[in-house]
Amino acid sequence: MSSVEKLAIIGLGNPGAEYQKSRHNLGFWLIDALVEQENLTFKENKQFHAQVSHMQRKERNFLLIKPTSYMNESGKFLSPLLSYFDCAPSDSIVVHDEIAFPLGQLKISQNKGAGGHNGVKSVISSIGSSFVRFRVGIGMKTQPEVKLADFVLSKLSKQEWALLQTSKDRLCKSLLHLLDHGVDATMNFVNQTNRNPEPI
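Since the structure is predicted, the reported quantities are computational estimates derived from the model, not experimental observations.

**Observations regarding the overall build of the protein**
The secondary structure content of the protein amounts to six helices and seven strands. Taken against the 2.2 N^0.38 rule, which gives 16 Å for 200 residues, the C-alpha radius of gyration of the protein at 16 Å falls within 12% of a compact globule. Projected onto its principal axes, the C-alpha coordinates of the protein cover approximately 45 × 35 × 30 Å. In the protein, which comprises 200 residues, the proportion classed as buried is 48%. Partitioning the contacts of the protein with sequence separation of at least 6, the portion at a separation of at least 24 is 70%. About 10,000 Å² of surface is accessible on the protein, with carbon and sulfur atoms providing 49% of the total. Distance from the positive charge centre (23 side chains) to the negative charge centre (19 side chains) of the protein: 3 Å.

So this is what it looks like as structure tokens:
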């Protein structure tokens, strides 16, 4: 991590009540959970089409961002926004849904391609690919006839939503661990918690 003033944590999702509890909005969901846990609030930043919150932790400053452009244009205003708030793109963390993993499972990666995720693709086109990806599983399609776009925009069932709530503390803890200890240490932490879901 460089010595710039702030580190940005960017949650991906679609704005609007109709998209709440959809699979594609897990990035928004987790950023919202962290903001609630830390007793923070979002402010609408109309200039950069985003909701922004500021967090201080261990004498470091963090910027929590939810782009309010739709998922496919998540990166559209990110470059000027990060520049305005003195955040280095390479130090950013992008929190997003991941179809390759079971619901609630977490994987952290860096310097990867978009992997078919249009929101991540938009972010890469704006700030490059050196950011850290905090990938939260949404489960795989079980019905081949359902289009991928329809699946990721589908609502989580009551059972799935309940399961996700039981993962919330673990995911927030992992995200804070990433802020405090960096990528490598948190990858080890996540690998341990994936093998042993009990809190460490």
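Once you've had a look at it, read on.
**Some details on the packing of aromatic side chains**
Applying the stated rule across the entire model yields four aromatic pairs. Each member of the aromatic cluster is reached from another via a ring pair, and the members are Phe48, Tyr84 and Phe85. Directly above the aromatic system of Phe28 lies the positively charged group of Lys66, at a separation of 5.0 Å from the ring centroid. Between the NZ or CZ atom of Lys66 and the centre of the ring of Phe42, over which it lies, the distance is 4.8 Å.

**A look at helix α5 (residues 158-181)**
The end-to-end C-alpha separation of α5 is 34 Å, in line with the 34 Å expected for 24 residues at 1.5 Å each. When the local axis directions of α5 are compared, the greatest deviation, roughly 40°, occurs at Ser167. The complete set of buried residues in α5 reads Leu164, Ser167, Arg170, Leu171, Cys172, Ser174, Leu175, Leu176, His177, Leu178 and Leu179.

Reading the values: the criteria
- Residues numbered from 1 in each chain as written.
- Predicted model: local features only at pLDDT ≥ 70, side-chain atom pairs only at ≥ 80, totals over all residues.
- Heavy atoms only, no water.
- Helix = DSSP H or I, 4+ residues; strand = E, 2+ residues; numbered from the N terminus.
- Rg over C-alpha atoms; globule rule 2.2 N^0.38 Å.
- Buried < 20%, exposed > 50% of the residue type's maximum accessible area, 1.4 Å probe, protein only.
- Contact = heavy atoms within 4.5 Å.
- Areas by Shrake-Rupley, 256 points an atom, 1.4 Å probe, with all protein chains shown as cover.
- Lys, Arg positive; Asp, Glu negative; His and termini not counted.
- Charge placed at Lys NZ, Arg CZ, Asp CG, Glu CD.
- Phe/Tyr/Trp six-rings, centres within 6.5 Å; stacked < 30°, edge-to-face > 60°.
- Lys NZ or Arg CZ within 6 Å of the ring centre and 35° of its normal.
- Expected span 1.5 Å × (residues − 1).
- Bend = angle between axes of the 7 residues up to and from the residue.

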